[in-house]
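# A look at the structure
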Amino acid sequence: MAFFEMIFHELISFLGISQLIEVCRTGNYKVLLTLNGIFSVISPILPFLLLLEIIRAIFYKRFKIEDYKMPFFIFVANRFISRFISIAAVVFCIGVLEKYALFNTSLKWYWFIYGYVIWEFSHFIYHYFGHKVRLFWCLHSTHHAPQTMNLSVTYAHFFLEAPYADVIRTSICILMGVNPPLLFIIMFIDGFWGSFIHAGENLIKDGRLGFLNSIILTPSHHRVHHAKNPLYMDTNFCNLLNIWDKVFGTFQHEKRDMQIEYGISREMNPNNFLDVYFGELYCLWKDIRKAPGVKNKLLYIVMPPGWSHTGDHKTAKVVKQAFLQQAKDQSI
Ligand SMILES: [Zn+2]
Ligand SMILES: [Zn+2]
């Protein structure tokens, strides 16, 4: 009985409806007008969209258990470990760094815009290094392993990634004066949009979302980010406002004549949990072992994925340059 109760509670918590149930039980609907109340209404949208996505896929006979199996296993593994470390990391960073903030902000609309731009910058930094430093790529690659796009991919993360991301993002925001209540509101919006942009083709066929595609970061841009096509690799690191991708030259639109290939470029088994979760760490370990000298061993840890001590690099930059050169040669 206790087992079913636990499953029931897990389901309620996954759907994000515990607060709504409480409101219905107590009849205190006024709560819905508070910030907490608004959050409790928005939180269940994504889990329900995920269910809708699965139901639609089943209806159109496109449902494949492999598309959802790995993110589900990863979600279960993370559920118990990652969240607690991450919350502790955020609280710790705020406690330590708040007194060093450059200045103080408040809950005014213009500070909200400022805070969001800073948050997006901090997200860019974490995400960029997640792709450009091999050790951090080991943490982030789990999220890029799925070979299709659907809302369950939003839950596919290595358990240490959230604490790492939150330490960087919280530290930058707090030092830049974003005050904690403002930061939590921004984190909530970012969490919502950051999940939504994983809506797959079964839910939204054209992820460009019309005119929004030229204003904010859409599912289409994030599909490009998850692609292993040479032109698309290491682009679109932002989450909602893609200003920093435009500033740092990593912005890329989805091309209508280029079919997206999801996944990571190394040979892997997307249905093997150990390969998805620890595969990159294992590859890094193998490279370190065979590298001559301490300097090369250390370089493997900090250089981008694909870097080689032999000079035969296969980094995203090298692969993209070769692709662009080939396209140029063919057009002459
Ligand atoms: Zn990424
Ligand atoms: Zn993603």
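Model, not experiment: these values are computed from the prediction. (Residues numbered from 1 in each chain as written. Chains lettered and ligands numbered in written order. Predicted model: local features only at pLDDT ≥ 70, side-chain atom pairs only at ≥ 80, totals over all residues.)

### Thoughts on the nonpolar core
When a protein is soluble and globular, its nonpolar side chains tend to lie buried together. We apply this condition: Here a nonpolar core is just a set of buried residues of the types Ala, Val, Leu, Ile, Met, Phe, Trp, Tyr and Cys, joined wherever their C-beta atoms sit within 7 Å. Working definition of burial: number of other C-beta atoms within 10 Å of the residue's own, with buried at 20 or more, exposed at 12 or fewer, and partly exposed in between, all C-beta atoms being placed from the backbone. Under the scheme used here, helices are H or I runs from DSSP no shorter than 4 residues and strands are E runs no shorter than 2 residues, and both carry numbers assigned from the N terminus. In this description, a residue-residue contact is defined by the distance between C-beta atoms placed from the backbone, which must lie within 7 Å.
Grouped together as the largest cluster of nonpolar side chains are 46 residues, with contacts concentrated most on Ile 118, Trp 119, Cys 173, Val 178 and Cys 238. The set of elements that each furnish at least two residues to this core consists of α4 (45-59), α5 (65-97), α6 (109-132), α7 (134-144), α8 (161-175), α9 (180-196) and α12 (273-290). Among the elements that line this core, the one with the most residues is α8, at seven residues. Dropping the residues within four chain positions of it, Trp 119 is found in contact with Arg 169, Cys 173, Val 178, Ile 186 and Asp 190.

### As for the UniProt feature "domain: Fatty acid hydroxylase" (unreviewed entry) in the protein
Short version of the rule: UniProt positions are given in the numbering used here, feature names are shortened, and annotations may be inferred rather than shown by experiment.
The sites that carry the UniProt feature "domain: Fatty acid hydroxylase" (unreviewed entry) are, in the present numbering, residues 113-250. As annotated, residues 113-250 comprises 55% helix and 0% strand, and the C-alpha atoms at either end are separated by 22 Å.

### Considering the UniProt feature "transmembrane region" (unreviewed entry) in the protein
Mapped onto this structure's residue numbering, the UniProt feature "transmembrane region" (unreviewed entry) falls at residues 38-59, 80-97 and 109-129. End C-alpha to end C-alpha, residues 38-59 measures 32 Å, and it is 91% helix and 0% strand.

### Quick word on the environment of Tyr 300
Checked against the element boundaries, Tyr 300 lands in helix α13 (residues 293-302). Remark: the alpha-carbon pair of Tyr 300 and Phe 158, spanning 142 residues in sequence, is separated by 20 Å. Among residues more than four places away in sequence, those in contact with Tyr 300 are Arg 134, Leu 284, Asp 287, Ile 288 and Ala 291.

### Quick word on the environment of Asn 242
When you line up the elements, Asn 242 lands in the loop between α10 (219-225) and α11 (243-248). Separated by 137 residues in the primary sequence, Asn 242 and Thr 105 place their C-alpha atoms 23 Å from one another. Apart from residues no more than four positions distant in its own chain, Asn 242 is found in contact with Ile 216, Leu 217, His 221, Asn 236 and Phe 251.

### Details of α8
For clarity, the threshold we go by: The span expected for a helix works out to 1.5 Å for each residue beyond the first.
Counted at 1.5 Å a residue, the expected span for α8 with its 15 residues is 21 Å, and the 21 Å between its end C-alpha atoms agrees. Burial analysis of α8 places 12 of its 15 residues in the buried class, the great majority of the element.

### Quick word on the packing of α7 against α12
Using the following cut-off: Interaxial angles span 0 to 180 degrees and are taken between N-to-C directions of axes, which are lines fitted to C-alpha atoms, for helices over the stretch in contact. Orientation categories follow fixed angle ranges, with anything under 35 degrees roughly parallel, anything over 145 roughly antiparallel, 65 to 115 roughly perpendicular, and all other angles oblique. By definition, turning the near helix anticlockwise from the far helix through less than a right angle yields a left-handed crossing, and turning it clockwise yields a right-handed one.
Between α7 and α12, the least distance of the axes is 7 Å, while the angle of their chain directions is 160°. When the axis of α7 is compared with that of α12, the two are roughly antiparallel. Read as a crossing pair, α7 and α12 show a hand that is right-handed. Here α7 contributes Arg 134, Trp 137, Cys 138, Ser 141 and Thr 142 to the contact with α12, which in turn contributes Val 276, Tyr 277, Glu 280, Leu 281 and Leu 284.

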